[in-house]
Amino acid sequence: HRDLHKEYRRQRQMCIRDRRYIPTINISSLIKNNFETQNAFKTIKEIEKACVKVGFFQITGHEINLKLIKKTCGVGNKFFNLPDRKKRKLSPKKWNKKNKNLYRGYFPNDVNGKEGLDIGDLKVTKTYSSKLKNQYIEHLNLNKCFNKASVNDLNKYFDSIYSLSETLFKSVIKLNKKNPNISSKAFSRLKTLSTLRFNYYPNQTKPVEISKQDGVALGCETHVDSGIFTILYQDRKGGLQVQNRKTKKWHDVPFNKKALVVNTGRALEFLSKGKFKATNHRVLWNKSKRLSVPFFFEPSYDFKMNKSFLNSRKHTSSGQIYEKFLNQSLKKFVEYQR
């Protein structure tokens, strides 16, 4: 009984430590895209501090309806409960030879221990995609697996989370004393490589990886993300951990049903000249089913990645295009070896 009490106290202290380490920021002052108020400036400085010190933070006051988040999770759970042959109707060519899509779609759990569904901008039509002929701008026919109501919910969620991501990016631009509206040079809806992903962790019989650092069993490998920001909804089961860059210790990201989790990616690290570093994170091996819904906020495929974009008065429009930057970044992920 005494040992149980000790363990309870230890876990409680760790939970308090993790809550203190990963800040929660109310961003309601930024939502109307008015970055000039005193409250907005204070919020932006909090975001800056979280990005520099941790690389992860949680946001409340984001105005994405909790009912819409629940509906979106429901759409994902319903999809993963479909028979394998039905899910593969949305698979890339690698897992369904009848399909032409290579980048978007469903991947099975024998790839790296989890199932996933990658959805690009739902405004991309078949006609637009075929005219553009870009490897990453694909039209995915969701009607193969989803009814109209589900597609409608996915559309609403993509629109909301994209708009929220843009607000966060504009706040970073504002930090650099530049006009937030220059975000339109980096992000164009029909050209964005942003991805709405559903990660579904089934009853994993064995870990995907054993951490070389601390021997912990993992359900998702240690990695950093490719884009500007990732905005994630994680379910109550949690399991997401963030690494402290200095101490190398791992911290749980606490579940908060009203909050979304935000982390920095490699593209933001590049554009900020290393000020906002992409941060290592991982998911613990969990024998029970788990769903997470990350949104990877990524620039237009033809955006020229130049360090002057955020850091000088005149932006030089030269540099590697984001499509090539992403291409390099994806090589380390098994599920994208297609």
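Residues numbered from 1 in each chain as written. Predicted model: local features only at pLDDT ≥ 70, side-chain atom pairs only at ≥ 80, totals over all residues. Heavy atoms only, no water.

Notes on the overall build of the protein
Item 1. For the protein, the count of helices and strands is ten helices and 15 strands.
Item 2. Here the protein holds 338 residues, and the buried ones make up 53% of them.
Item 3. Considering only intrachain contacts with a sequence separation of at least 6, the fraction spanning at least 24 residues in the protein is 75%. (Helix = DSSP H or I, 4+ residues; strand = E, 2+ residues; numbered from the N terminus. Buried < 20%, exposed > 50% of the residue type's maximum accessible area, 1.4 Å probe, protein only. Contact = heavy atoms within 4.5 Å.)

Regarding the pattern of salt bridges
Item 1. Within this structure, the stated rule accounts for ten salt bridges.
Item 2. The partner of Lys32 in a salt bridge is Glu63, with the nearest N and O atoms 3.6 Å apart. You can see Lys32 sitting in the loop between strand S1 (24-26) and helix H2 (38-53) and its partner Glu63 sitting in the loop between strand S2 (56-60) and helix H3 (66-80), a full 31 residues away along the chain. Each member of the pair, Lys32 as well as Glu63, carries the same accessibility label: exposed.
Item 3. With a shortest N-O distance of 3.1 Å, Arg189 and Asp159 are connected by a salt bridge. With Arg189 in the loop between helix H7 (183-186) and strand S5 (195-201) and Asp159 in helix H6 (residues 148-175), this residue pair connects regions lying 30 residues apart in the sequence. (Salt bridge = Lys/Arg side-chain N within 4 Å of Asp/Glu carboxyl O.)

Examining the confidence of the model for the protein
Item 1. Considering every residue of the protein, the mean pLDDT works out to 86; 83% of them sit at 70 or more.
Item 2. Low pLDDT, under 50, characterises residues 4-8; the predicted model gives this stretch zero contacts beyond four residues in sequence or across chains. (pLDDT = per-residue confidence, 0-100.)

Topic: the packing of H2 against H6
Packed helices, taken two at a time, are described by the angle their axes make and the gap between the axes.
Item 1. Across the interface, H2 lies against H6 with an axial gap of 10 Å and an inter-helix angle of 95°. Classified by the angle between their axes, H2 and H6 sit roughly perpendicular to one another. Here H2 contributes Ile44, Lys45, Ile47 and Glu48 to the contact with H6, which in turn contributes Leu168, Ser171, Lys174 and Leu175. (Axes fitted to C-alpha atoms, helices over the stretch in contact; angles between N-to-C directions. Parallel < 35°, antiparallel > 145°, perpendicular 65-115°, else oblique.)

Quick word on the sheet that holds S2
Item 1. With mixed pairing, the eight strands of this open sheet are ordered in space as S1-S2-S11-S8-S13-S5-S4-S3. Two strands lie at the open edges of the sheet, namely S1 and strand S3 (105-107), each paired on one side alone. Direction aside, the axes of adjacent strands within the sheet are offset by 25° on average.
Item 2. For S3 and strand S4 (residues 115-119), the ladder comprises three bridges, and the chain directions are antiparallel. Bridge pairing in S4 places Gly105 opposite Asp118.
Item 3. Contacts from H2 reach S1, S2, strand S8 (229-234) and strand S11 (260-264) within the one sheet, and its direction differs from that of S1 by about 160°.
Item 4. Taken strand by strand, H6 contacts S2, S4, S5, S8, S11 and strand S13 (290-297), and its axis lies near 55° from that of S13. (Pairing = 2+ DSSP bridges.)

A look at helix H10 (residues 322-330)
Item 1. Listed in full, the buried residues belonging to H10 are Tyr322, Glu323, Phe325, Leu326, Ser329 and Leu330. An end-on view of H10 places all buried positions within 160° of arc, on one side of the element.
Item 2. Buried positions along H10 lie against helix H8 (266-271), strand S14 (304-305) and strand S15 (320-321). (Arc of directions from axis to C-beta.)

Things to note about the packing of aromatic side chains
Item 1. Under the counting rule described, the total for this entry stands at 15 aromatic pairs.
Item 2. Ring centres of Tyr103 and Tyr136 lie 4.5 Å apart, and the angle between their planes is 65°; this geometry places the pair in the edge-to-face category. In this pair, Tyr103 is assigned in the loop between helix H4 (84-87) and S3 and Tyr136 in the loop between helix H5 (126-132) and H6, connecting sequence segments 33 residues apart. The exposure classification of Tyr103 matches that of Tyr136, with both residues buried.
Item 3. Taken together, the aromatic side chains of Phe158, Tyr162, Phe169, Phe187, Phe295, Phe297, Phe303 and Phe309 make up a single cluster linked through ring pairs.
Item 4. Sitting over the ring of Trp250, Arg282 keeps its end group 4.0 Å from the ring centre.
Item 5. The positively charged end of Lys307 is found above the aromatic ring belonging to Phe270, 5.1 Å away from the centroid. (Phe/Tyr/Trp six-rings, centres within 6.5 Å; stacked < 30°, edge-to-face > 60°. Lys NZ or Arg CZ within 6 Å of the ring centre and 35° of its normal.)

Thoughts on the side chain of Glu298
Item 1. Inspection of the secondary structure assignment puts Glu298 in the loop between S13 and S14.
Item 2. An unpaired buried charge is present at Glu298: no salt bridge exists, and Arg104, the closest side chain of opposite charge, is 7.0 Å distant.
Item 3. Beyond its immediate chain neighbours, meaning those up to four positions away, Glu298 contacts Phe187, Thr192, Leu193, Ser194, Ser226, Gly227, Tyr322 and Leu326. (Lys, Arg positive; Asp, Glu negative; His and termini not counted.)

Some points on the environment of Leu260
Item 1. Structurally, the position occupied by Leu260 is in strand S11.
Item 2. Among the residues examined, Leu260 registers a relative accessible area of 0% and is labelled buried.
Item 3. Put simply, Leu260 and Thr230 are 30 residues apart on the chain and 9.9 Å apart in space, counted from C-alpha to C-alpha.
Item 4. Sequence-distant contacts of Leu260, that is, excluding residues within four places in its chain, are made with Phe57, Gln58, Ile59, His62, Ile64, Ile69, Tyr157, Ile161, Leu164, Ile231, Leu232 and Tyr233.

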